[in-house]
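Examination of the molecular architecture
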Amino acid sequence: MLALRRSRVPALRKQMGIIFQDFRLIPTMTVYENIAFAMHVTNIGKKDIKERVNYMLELVHLEDKAKVYPEFLSGGEQQMLAMGRALMSNPKLLMLDEPSMGLAPILIEQIFQIIEDLHKAGTTILLVEQNAQMALSIATRGYVLETGKITMEGKASDLLHDEKVRKAYLGA
């Protein structure tokens, strides 16, 4: 168990981005406002916020949907919005819960490309994902969970080529 002094929790929160499986978007705010809302945890000026929001909208391919409310977005667009919001504070650690669930293959590829690019740029990624092929193909390390217990762990490339993993999770 991790014990933290209360004064350190806000500082850590600013360094983490979390994308939940259910997105947790604010339905009464537009796409732009949902992304900008994430900046309330920082001490950044309004001009810088606007520039950062516009950059995020472009990064997640939602620049033409800035004035739209989340309920009018597809599932993939909602996932991209959640990702843009989580990335606003430039987190050191990004945690994602099932980012590909229910999405079209083209959106899955876009999301995993963003994840891979963020990792290459130095962001630590904690990814919980059932699409083992995609996850292991971009991961450094992997853990196989079965009914909540870690049953295998190691280099992602080793797990990707492990016969037991291939048969159980990769359909090979």
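A brief look at the structure comes next. As the structure is a prediction and not an experimental result, all values here were calculated from the model.

1. Remarks on the layout of surface pockets
Size it by volume and the largest pocket reaches roughly 810 Å³. As for the largest pocket, its lining consists of 25 residues, and the residues nearest its centre are Leu127, Glu129, Ala135, Gly142 and Tyr143. Elements supplying a minimum of two residues to the lining of the largest pocket: α5 (105-120), β3 (124-128), α6 (132-138), β4 (141-146) and α8 (163-169). For the lining of the largest pocket, the class distribution of residues is 16 nonpolar, five polar and four charged.

2. Quick look at the packing of helix α4 (residues 75-87) against α5
At a closest axis distance of 10 Å, the pairing of α4 and α5 adopts a crossing angle of 15°. Taken as axis vectors, α4 and α5 run roughly parallel relative to one another. As α4 packs across α5, the resulting crossing turns out to be left-handed. On α5, the residues touching Gly76, Gln79, Met80, Met83 and Leu87 of α4 are Leu107, Gln110, Ile111, Ile114, Ile115 and Leu118. Partitioned by chemical class, the residues of the contact of α4 with α5 number eight nonpolar, three polar and no charged.

3. Some words on the sheet that holds strand β2 (residues 93-97)
Across a sheet, strands are paired by hydrogen bonds formed along the backbone, either parallel or antiparallel in direction. Reading across from one edge, β1-β2-β3 is the order of the three strands in this open sheet, with parallel pairing throughout. Here the strands that pair on one side only, and so sit at the sheet edges, are β1 (16-19) and β3. Strand-to-strand, the axes of this sheet are offset by a mean angle of 10°, without reference to chain direction. As defined by bridge partners, β2 adjoins β3 across five bridges and the pair is classed as parallel. Each residue of the ladder has a partner; that of methionine 95, found in β3, is leucine 126. Contacting β1 and β2, α4 crosses the sheet at an angle of about 165° to β1. Across the sheet, α5 is in contact with β2 and β3; its angle to β3 comes to roughly 145°.

4. Thoughts on the nonpolar core
Within soluble globular proteins, side chains that are nonpolar generally end up buried alongside one another. Ile35 and Met83 are the most contacted members of the largest nonpolar core, which has 34 residues in total. Mapped onto this core, the elements with two or more residues apiece are α2 (31-37), α3 (46-59), α4, β2 and α5. Excluding anything up to four places from it in sequence, methionine 83 contacts Ile19, Val60, Leu96, Ile111, Ile114 and Ile115. Among the nonpolar cores identified, the runner-up in size contains nine residues, and Met152, Ala156, Val165 and Leu170 belong to it.

5. Topic: unusual backbone geometry
One non-glycine residue, arginine 24, lies in positive phi territory at about 55°. Of note, the phi angle at glutamate 98 is positive, near 55°, even though the residue is not glycine. Mapping glutamate 98 onto the fold places it in the loop between β2 and α5.

6. Remarks on the pattern of salt bridges
All told, the structure shown has three salt bridges when counted by the stated rule. A salt bridge links glutamate 77 to lysine 65; the shortest N-O distance between them is 3.3 Å. Separated by 12 residues along the polypeptide, glutamate 77 in helix α4 and lysine 65 in the loop between α3 and α4 bring together distant segments of the chain. For lysine 65, a relative accessible area of 23% gives the class partly exposed. Its salt-bridge partner being glutamate 153, residue arginine 141 comes within 3.2 Å of it at the nearest N-O pair. Remark: glutamate 153 occurs in strand β5 (residues 149-155) and arginine 141 occurs in strand β4; sequence separation between them is 12 residues.

What counts and how
Throughout, a residue's number is its position along its own chain's written sequence, starting from 1. Only residues with pLDDT of 70 or above have their local features reported here, since the model is predicted, and side-chain atom pairs are shown and tallied only from 80 upward, although totals for entire chains, interfaces and linings are computed over all residues. In computing side-chain properties, one takes all heavy atoms of the structure into account and sets aside hydrogens as well as water. A 1.4 Å probe that fits but cannot get out identifies a cavity on a 1 Å grid over protein atoms alone, an open set with protein on both sides within 12 Å along at least five of seven lines counts as a pocket, and a residue lines either if it has an atom within 4 Å of a point. Grid points are joined across faces, edges and corners, and a volume is the space filled by probe spheres set on the points. Working definition: helices are DSSP H or I runs of at least four residues, strands are E runs of at least two. Numbering for both runs from the N terminus. Side-chain classes follow a simple rule in which Ala, Val, Leu, Ile, Met, Phe, Trp, Tyr, Cys and Pro form the nonpolar group, Asp, Glu, Lys and Arg form the charged group, and the remainder, Gly included, forms the polar group. Here an angle of 0 to 180 degrees is reported between the N-to-C directions of two axes, which are lines fitted to C-alpha atoms, with helices fitted over the stretch in contact. Oblique is the label for any angle not under 35 degrees, not over 145, and not in the 65 to 115 range, which are roughly parallel, roughly antiparallel and roughly perpendicular in turn. By the definition used in this description, the sense in which the near helix is turned from the far one sets the handedness, with an anticlockwise turn below a right angle giving left-handed and a clockwise turn giving right-handed. Two residues form a contact once any of their heavy atoms are found within 4.5 Å. Whether two strands pair comes down to DSSP finding at least two bridges between them. What we call a nonpolar core is a set of buried Ala, Val, Leu, Ile, Met, Phe, Trp, Tyr and Cys residues that are connected through their side-chain atoms within 4.5 Å. The buried label applies to any residue whose accessible area, calculated with a 1.4 Å probe on protein chains only, is under 20% of its type's maximum; exposed applies above 50%, and partly exposed to all values in between. Any carboxyl oxygen of Asp or Glu that lies within 4 Å of a side-chain nitrogen of Lys or Arg is treated as forming a salt bridge with it.

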